[in-house]
Amino acid sequence: MASAPATIQRVRAPIRRAILASTRSVATSRRSYATIPSSSPSEPPSSSPSPSTSAPTSRRPTYFKDTSLGSLDDFLPTSSSATPLSPSDAYTLRTAEVGPASNRRTITRLPEWLKTPIPAGNDNYKQIKRDLRGLGLHTVCEEARCPNISECWGGSNKNAATATIMLMGDTCTRGCRFCSVKTNRRPPPLDPHEPENTAEALARWGLGYVVLTSVDRDDLADGGARHFAETIRRIKAKKPSLLVEALTGDFMGDLDMVKIVAESGLDVYAHNVETVEALTPYVRDRRATFRQSLEVLEHVKKVKGPDGIITKTSLMLGLGEQEQEVMDALRELRKVGVDVVTFGQYMRPTKRHLKVEKYVTPAEFEMWRQRAIDMGFLYVASGPLVRSSYKAGEAFIENVLRKRAGEKAPAALSGKLEDAAVVEELMKSGST
């Protein structure tokens, strides 16, 4: 009797499997598909409609109620064939509502004058990028997400193309609230081959003017000043005619380190104050101060003499600065003998950085350019997309330096000065 239940279970098992198989086949035959393939031309369509297509299926609900999508042209500069906007329309900031219906928010769209073409990458652009990657070099153009990278790297020839080399790696020891460069308290050690590799790359490009900059390296005893100076000496050894601009940090106020770089053979010493004095504690790293930056620029003139070197700085607008604060900053810069100043629009790199308080119009940038010129600055580059290493400014400074040295300006420089004049004319026409 004990074996009877086991026998019954063995008999029921195949019956149960047969029943389940038949149930699955029925369910499969009733299943509908998300996409019904259209009938091929060789096969005539069936006269009896399929069960899955006879009844309309309800569409899955979505948060995106507006089905009209914006064209890619909305995010690019207006093409030349389009009708130009009037100044009142062009300078009017536009807003847009984004997000689901339960959490709608209004954002300010990027003004027309700040839209730039996508880097298409011509031969010069690709060649510069290959050289940089092959020699393990970095540029501030890429690390700081400069909007002018396609214009600077994609010049019509190698003499017109420019790039700002960033020394001492791509990781900074400071954390300014406007900058997108990576930060770390202990970056990787310096590359001892970087000075030679940098000089080799610049000699290969055949440029007439180059800008060197660097991350802040407060982890080093000298702040990287000797590494910076060695790079400049190697460049001058390979190509003495190449004009070098060095955009340095403040070396934590150590003026002896400033002297090392100033005496390395460079032609232009640049150090950016970035913003007005009142906003400096909120915009820059706490180790950087407005007065400390002024001391750096002043000490360079003391070391090299008033006419021995050109000093340069840059200001960002749109961070909430007041008109009187900008005027005070310009007066302080003239007191310490700064020769060149540039104005540019602050652009928020990511949501983790400071918000843009104001989009400054081209007309306001032209106003600041004229005011700075009236105060005695040698050259002023001012515009929404102007950055501290600005192509038109470089061409002008190169011309000034060669005139001081008694050299005849080369033909390539004349072309760059013509390009600079065109850029300046466009900036002026955009502000009218």
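Residues numbered from 1 in each chain as written. Predicted model: local features only at pLDDT ≥ 70, side-chain atom pairs only at ≥ 80, totals over all residues. Heavy atoms only, no water.

**Looking at the pattern of salt bridges**
So, point 1. Counting across every chain of the model gives 22 salt bridges.
So, point 2. Among the ionic pairs, lysine 182 bridges to aspartate 170, the shortest N-O distance being 3.0 Å. A residue pair is termed long-range when its members are at least 10 positions apart, and lysine 182 in strand E6 (residues 182–183) and aspartate 170 in the loop between strand E4 (164–167) and strand E5 (171–172) qualify at 12 residues. (Salt bridge = Lys/Arg side-chain N within 4 Å of Asp/Glu carboxyl O. Helix = DSSP H or I, 4+ residues; strand = E, 2+ residues; numbered from the N terminus.)

**Things to note about the state of the cysteines**
So, point 1. The final tally for this structure, using the stated rule, is zero disulfides.
So, point 2. Cysteine 176 takes part in no disulfide bond, and the closest cysteine sulfur to it belongs to cysteine 179, at a distance of 6.5 Å. (Disulfide = S-S within 2.5 Å.)

**Brief notes about the pairing of strand E7 (residues 209–214)**
So, point 1. In terms of burial, E7 is a largely internal element, six of the six residues being buried.
So, point 2. As paired strands, E4 and E7 are joined by four bridges and run parallel to one another. Paired with methionine 166 across the bridge in E7 is threonine 213.
So, point 3. Where E7 meets strand E8 (residues 243–247), five bridges bridge the pair, whose relative direction is parallel. Directly across from valine 210, in E8, lies its bridge partner valine 244.
So, point 4. Where the polypeptide runs from E7 across helix H8 (residues 225–238) and back to E8, its parallel neighbour, the crossover connection is right-handed. (Buried < 20%, exposed > 50% of the residue type's maximum accessible area, 1.4 Å probe, protein only. Pairing = 2+ DSSP bridges. Right-handed = clockwise from strand over helix to strand, strands pointing away.)

The quantities given are spatial measurements derived from coordinates; they are silent on function.
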